[in-house]
Amino acid sequence: MAIPHQSRYIFAYDKTTGGKAWEIKLDNTVAPTAIVSDQEHLYYIDRTDHWTSYLMRRRSNEEEIRSKLVAVRLCDGGEVWTRDLAPERQALFLKNGVIVASANFSDVSSNSTSGLSAFDATNGRKLWEHDRVRATTRRGGPVRHIFIVGDVVYTPEPFDLRTGEPLQTLVDPLTGEPTRFELSGQNFCGAVAACENMIAYRSTPVGFKSLTDNSPCYWLSEKRPSCWISLLPAGG
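About the thresholds
Residues numbered from 1 in each chain as written. Predicted model: local features only at pLDDT ≥ 70, side-chain atom pairs only at ≥ 80, totals over all residues. Heavy atoms only, no water. Patch = residues over 30% accessible without salt bridge, like charges linked within 9 Å, V, L, I, M, F, W, Y side chains within 5 Å. Areas by Shrake-Rupley, 256 points an atom, 1.4 Å probe, with all protein chains shown as cover. Salt bridge = Lys/Arg side-chain N within 4 Å of Asp/Glu carboxyl O. Helix = DSSP H or I, 4+ residues; strand = E, 2+ residues; numbered from the N terminus. Buried < 20%, exposed > 50% of the residue type's maximum accessible area, 1.4 Å probe, protein only. Pairing = 2+ DSSP bridges. Axes fitted to C-alpha atoms, helices over the stretch in contact; angles between N-to-C directions. Core = buried A, V, L, I, M, F, W, Y, C linked by side-chain atoms within 4.5 Å. Contact = heavy atoms within 4.5 Å. Phe/Tyr/Trp six-rings, centres within 6.5 Å; stacked < 30°, edge-to-face > 60°. Lys NZ or Arg CZ within 6 Å of the ring centre and 35° of its normal.

A word on a nonpolar patch on the surface
Among the surface-exposed residues, Tyr9, Phe11 and Tyr13 lie close enough to one another that they form a single nonpolar patch of about 330 Å² accessible area. With respect to the helices and strands, tyrosine 9 occurs in strand 1 (residues 7-13). On the basis of relative accessible area, tyrosine 9 is assigned to the partly exposed category, the value being 36%.

What follows is the structure, given as structure tokens:
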């Protein structure tokens, strides 16, 4: 049976010889959005495939959906650790030794704001979890608007990457009071691209906003980005 956008295998090739270095047959399946890596390890979600999960939900058998977060060595594919994972978590982010699991990038169902889980990449220990986050629910799927800059994860509301605590990252220019980062605009059917000081995104045309100053959003009305990633704010 073919499963679109999912695979029952993960494999690696040797960059020097071009030969297959190792291969892992999964218990279930993995999606491209559920694979991340650092210099030494690869992390992925081994989960009941999307179609079977959909049928289980329709039959009110969600407890039978299987999902786990797995870490393996890049050098030989050997397993380092594995952790059970909530079935709503279908995509991964990795930054500064922290793995963040979220809903799927293009999920526009009720699961799309189902929260975040964060794990220590070294040993798989759960650092924090939010059952529900206030994500951007405009067209395109809210999880496309999750991004990490430094030690802050944005949903686009900001949270501390290691503790999950909400952050007041800006100052209101009128009141002088701390305020939270907000992303405004329309037609959010693309992904957010971020660098140290700013973000760029599709908001009908190109939209961009500072991450460090409480400035408004700006638009280049004559430019239209694609529905996925076609904006690179290189160098800030």
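Describing the sheet that holds strand 19 (residues 218-220)
Strand order in this open sheet of 4 strands is 16-17-18-19, and the pairing throughout is antiparallel. Of all the strands in the sheet, just strand 16 (193-194) and strand 19 have a single pairing partner and so form its edges. Both strand 17 (residues 198-202) and strand 18 (residues 206-210) contribute to a ladder of 5 bridges, which runs antiparallel. Its bridge partner lying in strand 18, methionine 198 is registered against serine 210.

Considering the pairing of strand 1
When strand 1 meets strand 2 (residues 20-30), the two strands line up antiparallel, connected through 6 bridges. Within strand 2, the residue paired with serine 7 across the bridge is valine 30. Hairpin connection of strand 1 to strand 2: 6 residues between the antiparallel strands, including glycine 18 at a positive phi of 80°.

A few points about the pattern of salt bridges
Enumeration over the complete set of coordinates arrives at 6 salt bridges. Residue aspartate 76 pairs with arginine 73 through a salt bridge whose shortest N-O separation is 3.0 Å. When its relative accessible area of 32% is taken as the criterion, arginine 73 is described as partly exposed. Through salt bridges with shared partners, one network takes in Arg89, Lys126 and Glu129.

Considering the sheet that holds strand 9 (residues 116-120)
Strands in a sheet are paired, the pairing made by backbone hydrogen bonds, and the direction either parallel or antiparallel. The 4 strands lie next to each other as 7-8-9-10, forming an open sheet whose pairing is antiparallel. Strands with a single pairing partner mark the edges of an open sheet, and in this sheet they are strand 7 (91-95) and strand 10 (126-130). Shown here is a sheet whose adjacent strand axes are inclined to one another by a mean of 15°, direction ignored. As defined by bridge partners, strand 7 adjoins strand 8 (residues 98-102) across 5 bridges and the pair is classed as antiparallel. Opposite leucine 94, over in strand 8, you have isoleucine 99 as the bridge partner.

Looking at the nonpolar core
Side chains of a nonpolar character, in soluble globular proteins, are inclined to be buried together. The biggest cluster of nonpolar side chains holds 23 residues, and the ones touching the most others in it are Ile10, Tyr43, Tyr44, Leu69, Val72, Leu92 and Ile99. Residues within four places of leucine 92 in sequence aside, it is in contact with Thr33, Ala34, Ile35, Val36, Tyr43, Tyr44, Ile45, Leu69, Ile99, Val100 and Ala101.

Structural notes on the environment of phenylalanine 119
Following the sequence through the fold, phenylalanine 119 ends up in strand 9. The exposure class assigned to phenylalanine 119 is buried, which follows from its relative accessible area of 2%. In this structure the C-alpha to C-alpha distance between phenylalanine 119 and alanine 101, which are 18 residues apart in sequence, comes to 8.3 Å. In this structure, phenylalanine 119 is in contact with Leu69, Leu85, Gly97, Val98, Ile99, Ala101, Gly124, Arg125, Lys126 and Leu127, ignoring residues within four places of it in sequence.

Comments concerning the packing of aromatic side chains
One pass over the structure, following the stated rule, counts 4 aromatic pairs. Centre to centre, the rings of tyrosine 43 and tryptophan 81 are 6.1 Å apart; their planes meet at 35°, and the pair counts as tilted. Note that tyrosine 43 is positioned in strand 4 (residues 41-47) and tryptophan 81 in strand 6 (residues 79-84), a separation of 38 residues in sequence. An identical accessibility class is assigned to tyrosine 43 and tryptophan 81; each is buried. Ring centres 4.7 Å apart and planes at 10° place the aromatic pair phenylalanine 147 and tyrosine 154 in the stacked group. No difference in accessibility class separates phenylalanine 147 from tyrosine 154, as the two residues are buried. The lysine or arginine in question, lysine 20, covers the ring of phenylalanine 11, its NZ or CZ lying 5.3 Å from the ring centre.

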